[in-house]
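# Structural features, examined
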Amino acid sequence: MRRNWAARLRLGTVAGLRAVTLENERLRVTALPGKGGDVVEFLHKPTDTDFVWLSPQGLRDPHDHLRGAADDVAQFVDHYEGGWQEVFPNGGAPSEYRGARLAQHGEVSGLPWECAVVTDSPEEVAVRLSVRTRRLPYRVEKVFRLRSGTAALEIEGRATNESDLPLHAMWGQHIVYGLPFLRPGARIRLPEGVRVIPHESAINPAAGRRVRAGGPWEWPVVPADGGGETDLSVVPGPGGPSDIVYLTGFDEGWYEISGDIGMRVEWEAALLPYLWMWQELGASTDYPWWGRAYTVGLEPFSSMPTDGLAAAVANGTALALDPQETKVLRLRAEVLA
């Protein structure tokens, strides 16, 4: 039954792409089954705060414009609207795994997903999104659930190896924050004992980086590139160096990021033991950001670094799935107000 109160959902379109919106008294969440299952709205209604960063290039339907030169990075970046992507089975740079060439953050973030209503009542609403990868024999599902009266989105993800062979994967949640929520001075809280592993090289060598290569360092105060220290728990202002680091040592998977209002994300650290921290603060003035991005990603991941599946297999951090095995991942994202 269609409702304009309590928990409710809507099936429709956004920019011509299939969309589903879950809403209650406090929260409105919109996802795009037509484009990777991306979350493109996470709006806290009492404060009119959307936690999703939207890229300056906006939301683009990959089918509505001519593709440029063949490029396994552009395949993701040219249609990246910001928001929150499911990343599976390849994280980061293009990679080749057992003869399958995988693009940047490929495959599921670039595929259309099926969508089915699981629950539709005033007490709660839930939808199941599902997709099969095309180059590897996987099925991925996720159930979004929103309960009446809460400001928390609950997610249960499933990744199934549909072959009779053991396989590897990288699984991650590409969650990024930006304006209007993200402001200079915002704080990031993590559990005790977390360590910081810098990416081997700078994202933009000409502009430097925030964290000195090496490590691991103890969170949050770490050696700065060029001398001194930097506090990674404090979000800097626009124009600072871009960087990516990997956080590990989680006994419990959670973080909080807050300014005037906050977000707490919880996940199963046994399955996703790393948190990628991507900081694109405006120093990248060439393709694809042109100095227009001010965003911080806090991304639970199974593996590291952002060099693709083959690198994760080589360093032993790749997720291993036995024949016909299903991995189950539970996450919760809650607004702190």
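Above this text is the structure in question.
What comes next is a walk through the structure. (Residues numbered from 1 in each chain as written. Predicted model: local features only at pLDDT ≥ 70, side-chain atom pairs only at ≥ 80, totals over all residues. Heavy atoms only, no water.)

Here the focus is the pattern of salt bridges. Counting across every chain of the model gives 21 salt bridges. The partner of E256 in a salt bridge is R264, with the nearest N and O atoms 2.7 Å apart. A single salt-bridge network, built from bridges that share partners, covers R8, E23, R28, E41 and K45. (Salt bridge = Lys/Arg side-chain N within 4 Å of Asp/Glu carboxyl O.)

The sheet contact formed by strand 9 (residues 114-120) and strand 10 (residues 124-132) spans six bridges and is antiparallel. Its bridge partner lying in strand 10, T119 is registered against A126. Taking the residues that link successive antiparallel strands as the turn, the strand 9-strand 10 hairpin has three residues. (Pairing = 2+ DSSP bridges. Helix = DSSP H or I, 4+ residues; strand = E, 2+ residues; numbered from the N terminus.)

Looking now at the environment of D78. By the secondary structure assignment, D78 is in the loop between helix 1 (74-77) and strand 6 (84-87). Those residues within four positions of D78 in sequence are excluded, and the remaining contacts are Q57, R60 and Y287. Among the polar contacts made by the side chain of D78, one reaches the side chain of Y287 at a distance of 2.6 Å. (Contact = heavy atoms within 4.5 Å. Polar contact = N/O pair within 3.5 Å; in protein donor to acceptor, adjacent residues only side chain to side chain.)

With that settled, the discussion passes to the sheet that holds strand 12 (residues 152-161). Here we have eight strands laid out as an open sheet, ordered 9-10-11-12-26-22-21-15, and antiparallel in their pairing. Two strands close off the open sheet at either side, each with one partner strand: strand 9 and strand 15 (187-189). Recorded for the sheet is a direction-independent mean angle of 15° between the axes of neighbouring strands. (Axes fitted to C-alpha atoms, helices over the stretch in contact; angles between N-to-C directions.)

Another point: the pairing of strand 16 (residues 195-198). The alternating pattern of strand 16 places V196 and P198 on a buried face, while none of R195 and I197, on the opposite face, is buried. Where strand 16 lies against strand 17 (residues 217-218), two bridges are found, and the strand directions are antiparallel. Following the sheet pairing, V196 is matched in strand 17 by W217. Pairing analysis gives four bridges linking strand 16 to strand 20 (residues 243-248), with the strands arranged antiparallel. Bridging across to strand 20, P198 finds its partner in V245. (Buried < 20%, exposed > 50% of the residue type's maximum accessible area, 1.4 Å probe, protein only.)

Core analysis: the largest hydrophobic core is formed by 93 residues, its most contacted members being F42, Y177, L247 and Y255. Beyond its immediate sequence surroundings of up to four residues, F42 is in contact with L27, R28, V29, T49, D50, F51, V52, W84, L153, M263, A333 and V335. (Core = buried A, V, L, I, M, F, W, Y, C linked by side-chain atoms within 4.5 Å.)

Attention shifts here to the packing of aromatic side chains. Counted according to the given criterion, the structure contains 15 aromatic pairs. Ring centres 6.3 Å apart and planes at 85° place the aromatic pair F42 and F51 in the edge-to-face group. Accessibility classification places F42 together with F51 in one group, the buried group. Following the ring pairs from residue to residue traces out a cluster consisting of F42, F51, Y177, F181, F250, Y255 and W267. In this structure, K142 packs its charged tip against the face of W113, placed 4.9 Å from the ring centre. Above the plane of the ring of W254 lies R264, whose end atom (NZ or CZ) is 4.5 Å from the centre. (Phe/Tyr/Trp six-rings, centres within 6.5 Å; stacked < 30°, edge-to-face > 60°. Lys NZ or Arg CZ within 6 Å of the ring centre and 35° of its normal.)

The next thing to look at is the environment of G240. Following the sequence through the fold, G240 ends up in the loop between strand 19 (229-231) and strand 20. Sequence-wise, G240 and Q279 are 39 residues apart; in three dimensions their C-alpha atoms are separated by 9.0 Å. Sequence-distant contacts of G240, that is, excluding residues within four places in its chain, are made with L281, G282 and A283.

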